[in-house]
Amino acid sequence: MDLDMNVNAPHSMGTTIIGVTYNGGVVLGADSRTSTGMYVANRASDKITQLTDNVNVCRSGSAADSQIVSDYVRYFLHQHTIQLGQPATVKVAANLIRLLSYNNKNMLQTGLIVGGWDKYEGGKIYGIPLGGTLIEQPFAIGGSGSSYLYGFFDQAWKEGMTKEEAEQLVVKAVSLAIARDGASGGVVRTVVINSDGVTRNFYPGDKLQLWHDELEPQHSLLDILNAPSPEPMNI
Amino acid sequence: MSSIGTGYDLSVTTFSPDGRVFQIEYASKAVDNSGTVIGIKCKDGIVMGVEKLIASKMMLPGSNRRILSVHRHSGMAVAGLAADGRQIVARAKSEATSYQSVYGEPIPVKELAERVASYVHLCTLYWWLRPFGCGVILGGYDRDGPQLYMVEPSGISYRYFGAAVGKGKQAAKTEIEKLKLSEMTCREGVIEVAKM
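Basis of the calculations
- Residues numbered from 1 in each chain as written.
- Chains lettered and ligands numbered in written order.
- Predicted model: local features only at pLDDT ≥ 70, side-chain atom pairs only at ≥ 80, totals over all residues.
- Heavy atoms only, no water.
- UniProt positions renumbered as here; feature names shortened; annotations may be inferred.
- Helix = DSSP H or I, 4+ residues; strand = E, 2+ residues; numbered from the N terminus.
- Expected span 1.5 Å × (residues − 1).
- Buried < 20%, exposed > 50% of the residue type's maximum accessible area, 1.4 Å probe, protein only.
- Pairing = 2+ DSSP bridges.
- Axes fitted to C-alpha atoms, helices over the stretch in contact; angles between N-to-C directions.
- Contact = heavy atoms within 4.5 Å.
- Salt bridge = Lys/Arg side-chain N within 4 Å of Asp/Glu carboxyl O.
- Buried area = accessible area lost by both parts, 1.4 Å probe.
- Polar contact = N/O pair within 3.5 Å; in protein donor to acceptor, adjacent residues only side chain to side chain.

Naming follows an unreviewed UniProt entry, where chain B appears as Proteasome subunit alpha type of Gossypium barbadense. The UniProt entry for chain B carries this comment under Function (unreviewed entry): "The proteasome is a multicatalytic proteinase complex which is characterized by its ability to cleave peptides with Arg, Phe, Tyr, Leu, and Glu adjacent to the leaving group at neutral or slightly basic pH. The proteasome has an ATP-dependent proteolytic activity." For the record of chain B, the UniProt heading Subunit (unreviewed entry) holds the text "The 20S proteasome core is composed of 28 subunits that are arranged in four stacked rings, resulting in a barrel-shaped structure. The two end rings are each formed by seven alpha subunits, and the two central rings are each formed by seven beta subunits."

The name an unreviewed UniProt entry gives chain A is Proteasome subunit beta, with Gossypium barbadense as the organism. For chain A, the Catalytic activity (unreviewed entry) comment in UniProt is given as "Cleavage of peptide bonds with very broad specificity."

Pasting the structure below:
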């Protein structure tokens, strides 16, 4: 058995992160696994961090790099809000993140999804992948787990969803990615941001829907004799 | 009603016994003696007008501009010492472009006015600098609609729906007060300003 798990490797967030706009706001979602090599350093981390009252960011890539970037941007946005006299717009938050990401591209390794609501543009999602591109999208996915979600979103995404539909979509997507990506796992956290404010939700890992091939948790081998066959996946 | 500040008016870092800074007041006089500048806020934009002073018949018209643009969405009209005005506009241009680079959106007019006002005020704090001898009317159009600000040599700035500086400011202000600005479009505003 190979016990050489490199516990001193830099903390990386394998991750699945998602941001989706709906009719009236945005829903951000993420898994909760932080790994150092093969060891899970934190199985319940919070990858969705607050930048202002109305803007949050999903972090992926190096945990340290993404934390530092969001700390700096939170500080700049705080000053900006005071000078402006009103909440900052999502676009400004995304631009500040982009400038840090792009200008330090040689040293940083972070993929971020900025999402929020402001009174001028409503709910907006901005994706800022590794090199520091800034792109406004109706939905964005990131992290190692996102590779398994491109086809899913192509089929399941639609314009003008309700808040409930959007949140269900995000939870389903993260749980699908967790099922297939070894570097994603734990619980699903979602944050809904709209004109009424910010709502955080939590979906524990054992309550998530099981997909094709996943095993039911077994308490006794005798249970296998009476276990029903797993449900085929419904779209 | 000029008051002589004998002894207390030699430096901008000296207060008079009755709490005035005479150098700043003298700077305002420079503005009051210059050509009139008017700005009005109409429902869909700002209209600014300046009195054309012909310094010399040999000068090419259009070369002594007193209304200058700061950014795509904002501009300034200066009254008073023209060279001072140019410096303020240059600073405003630089603030506007740097804001756009950092924050990714055009500078809100309120923010621009505050920056220009603090720059003007800065020059009233040190003895080795003199106050700007010009008043500036700043107009712009941002997400919250058209806005008009005026910055005085003392560094204060207020938001107006109609403002005037210079020789004819009293008469101009009376005329502006007669107008119904909330219902006027820019096209009509231009005609009204030209009449003044």
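What follows picks up the thread again.
**Q** Teacher, can you tell me more about helix 3 (residues 109-122) of chain B here?
**A** The periodicity of an α-helix, 3.6 residues per turn, causes residues three or four positions apart to be oriented the same way. Relative to the 20 Å expected for 14 residues at 1.5 Å per residue, helix 3 of chain B spans 20 Å between its end C-alpha atoms, a close match to the ideal helical length. Looking at helix 3 of chain B, one finds that the buried residues are Val109, Glu111, Leu112, Ala113, Arg115, Val116, Ala117, Tyr119 and Val120 of chain B.

**Q** When you look at the sheet that holds strand 6 (residues 145-151) of chain B in this model, what are you seeing that I'm missing?
**A** Where strands meet in a sheet, backbone hydrogen bonds hold them as pairs that are either parallel or antiparallel. Residue and element names in this part refer to chain B. Spatial strand order, 3-4-5-6-7: five strands in an open sheet with antiparallel pairing. Unpaired on one side and paired on the other, strand 3 (67-71) and strand 7 (157-160) mark the two borders of the sheet. Taking each pair of neighbouring strands and ignoring which way they run, the sheet shows an average axis angle of 25°. Relative to strand 5 (residues 134-142), strand 4 (residues 74-80) runs antiparallel, the two being bridged by seven bridges. Residue pairing for strand 5: Ser74 is matched across the bridge by Gly140. With respect to the sheet, helix 2 (residues 82-103) is in contact with strand 3, strand 4 and strand 5, its orientation differing from that of strand 3 by roughly 20°.

**Q** Explain the pattern of salt bridges here, please?
**A** Oppositely charged side chains are able to pair whenever their charged atoms sit close together. Evaluated as defined, the whole model comprises 19 salt bridges over all chains. For the salt bridge of Arg20 of chain B with Glu25 of chain B, the shortest nitrogen-to-oxygen distance reads 2.9 Å. On the basis of relative accessible area, Arg20 of chain B is assigned to the partly exposed category, the value being 27%. A relative accessible area of 28% places Glu25 of chain B in the partly exposed class. Note that Glu114 of chain B is salt-bridged to Lys110 of chain B, the shortest N-O span being 3.8 Å. With Glu114 of chain B and Lys110 of chain B both in helix 3, this residue pair falls four residues apart, about one helical turn. Classification of Glu114 of chain B as partly exposed rests on a relative accessible area of 37%. Counted as one network, the salt bridges with shared partners bring together Glu121, Lys124 and Glu136 of chain A together with Glu105 and Arg143 of chain B.

**Q** Help me understand the interface of chain B and chain A in this model?
**A** Frequently, the measure chosen for interface size is the accessible area removed from exposure when the parts meet. Contacts between chain B and chain A engage 13 residues on the former and 13 residues on the latter. With both sides pooled, the region where chain B packs onto chain A buries about 1,100 Å², and carbon together with sulfur makes up 45% of that total. By the criterion of area lost to chain A, the three top residues of chain B are Tyr103, Glu111 and Arg143 of chain B, representing 48% of everything that side buries. Where chain B packs against chain A, one counts one salt bridge. Summed over the shared surface of chain B and chain A, the number is four residue pairs in polar contact (both at pLDDT 80 or more).

**Q** What should I look at first to understand the pairing of strand 3 (residues 25-30) of chain A in this one?
**A** Side chains on a regular strand alternate between the two faces of the sheet. Residues and elements named next belong to chain A. Burial of strand 3 is extensive: six of the six residues sit out of reach of the surface. Every second residue of strand 3 is oriented toward a common face, with Gly25, Val27 and Gly29 on one face and Val26, Leu28 and Ala30 on the other, all of them buried. Across six bridges, strand 2 (residues 17-22) lies against strand 3 in antiparallel orientation. Bridge pairing in strand 3 places Val20 opposite Val27.

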